[in-house]
Amino acid sequence: MQNDFIVLATRSMQEYTDRVVQHLLHFPSFQEKAELINQVGSLRVDLFADGELEVAVGTSLRGKDVYLFSSAARNPAGIPVEEAKIELYHAIDALKRAQAERICVFEPYVTCSRSDRTTRRNSVGLWIHFKILSSLGACHIITYQLHSDKSKSMVDPTICAIDDVPGLKLLKQYLCDRYIQSVDFLRNVVRSQWAFCSVDAGGEKLARTFANAFGAPLVVAHKQRDYSRANTVESINILSAEPIEGKVLWIVDDMIDTAGSVYSLINALEKFHPTEINLAAVHAVFSSPALERLTELTRRGLLKHIVVTDTVYCPECFGEDLPNLEIVSSTELSAQIIATIALDKSLGKLLEPFNAEAYLSRPRLF
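Computed from a predicted model, the values in this text were never measured in an experiment.

A.B. asks: I tried to follow the sheet that holds strand β5 (residues 102-107) on my own but got confused; where do I start?
C.D. replies: Across a sheet, paired strands are connected by hydrogen bonds in the backbone, their directions being either parallel or antiparallel. Here we have five strands laid out as an open sheet, ordered β1-β4-β5-β6-β7, and parallel in their pairing. The open sheet terminates on both sides in strands that have one partner only, identified here as β1 (5-9) and β7 (161-165). Neighbouring strand axes in the sheet, compared pairwise and without regard to direction, differ in orientation by 15 degrees on average. With four bridges connecting them, β5 and strand β6 (residues 140-144) associate as parallel partners. Bridge pairing in β6 places Cys104 opposite His140. Contacting β1, β4 (65-69), β5, β6 and β7, helix α11 (residues 331-342) crosses the sheet at an angle of about 155 degrees to β6.

Okay, structure coming up:
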């Protein structure tokens, strides 16, 4: 370990980061440095009457590496997107002025990740965000499941490194642990009776990783959008090499925003008579009217399970409307990533493709 390090969080991520630190302190290398590492609450935000803010650091950072957790998505503190972003930018500036050695920004869900397309006269929100982070002094950015692989090319690696960790792996592990549990069930049931479905043609590559990981069929949905209106789908065509009737379908995607695509897709899939339809996505953005749409599908018996991660905060009230909502924790993986980097080890194993049979066949202590 080259330098001492501490873990900090902006106001939007303090509860999440507390859980990350608790996992991190289970690593023997860090147990004796618990008081040094855990500095989650030491960033102070001063809000001014005119809407401006400043961030101050309440601990010594000289010569230390900093892992800063932040999110501009829905959060327990109720901080809106714009304020959360400005707080993050101010926090990095404060860390640099406090002479932190290296600053790693850990942003599990990047809210502007879909603003990645360039035309002649439009701004590109993700490029702006990454440019600000690196220009202010962040030397490493860690994310979970960016909306597009090409997004990583927006960061100049000579100035700032970026690791986009596949959050889909958390979902695949969860399906193994919760619904499959054995190699026999995988071979005899999943591979013949399950299928993984993309939300659209662009999501085929993502859905194919699930089909390959579990050895199950792939279903591709090709949607036609009305590009004159945001979040609008005109029609959907279903492409499948095998009959869908009687299958357990898992629709997979990187995020659920308004659930417009999912809503249209599930209604289109109903006529094929699958045994059940489930939904798995990394980021539970749930912009309005997502909850209303998912609740309707659930009440109609068309949507059985909804599996998401905690990269975006889901309040308890969501469970009242969606009793079928299952939230997979990412905090242990976040702790593992920090420990791996802090000990100068490779992240390669965390980025490898997932194989369900190998995962289920692994030795277990209990």
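Back to the write-up after that little detour.
A.B. asks: How should I be thinking about the nonpolar core in this particular structure?
C.D. replies: It is characteristic of soluble globular proteins that their nonpolar side chains tend to be buried jointly. The biggest cluster of nonpolar side chains holds 62 residues, and the ones touching the most others in it are Phe214 and Ile337. When residues in this core are grouped by element, the largest group, eight residues, is from helix α5 (residues 168-180). Among residues more than four places away in sequence, those in contact with Phe214 are Lys172, Leu175, Cys176, Ile180, Leu186, Val190, Arg191, Phe196, Phe354 and Ala356. The next biggest cluster of nonpolar side chains, apart from the first, holds 34 residues, and it includes Val262, Ala268, Ala284 and Phe286.

A.B. asks: Can you walk me through the pairing of β1 in this structure?
C.D. replies: The element β1 is largely enclosed, with a buried count of five among its five residues. Of the two faces of β1, the one carrying Phe5, Val7 and Ala9 and the one carrying Ile6 and Leu8 are both buried. Examined bridge by bridge, β1 and β4 share five bridges and lie parallel to one another. When the sheet's bridge partners are listed, Val7 is paired in β4 with Tyr67.

Each value, and the rule that gives it
- Residues numbered from 1 in each chain as written.
- Predicted model: local features only at pLDDT ≥ 70, side-chain atom pairs only at ≥ 80, totals over all residues.
- Heavy atoms only, no water.
- Pairing = 2+ DSSP bridges.
- Helix = DSSP H or I, 4+ residues; strand = E, 2+ residues; numbered from the N terminus.
- Axes fitted to C-alpha atoms, helices over the stretch in contact; angles between N-to-C directions.
- Contact = heavy atoms within 4.5 Å.
- Core = buried A, V, L, I, M, F, W, Y, C linked by side-chain atoms within 4.5 Å.
- Buried < 20%, exposed > 50% of the residue type's maximum accessible area, 1.4 Å probe, protein only.

Just distances and angles here, no functional claims.
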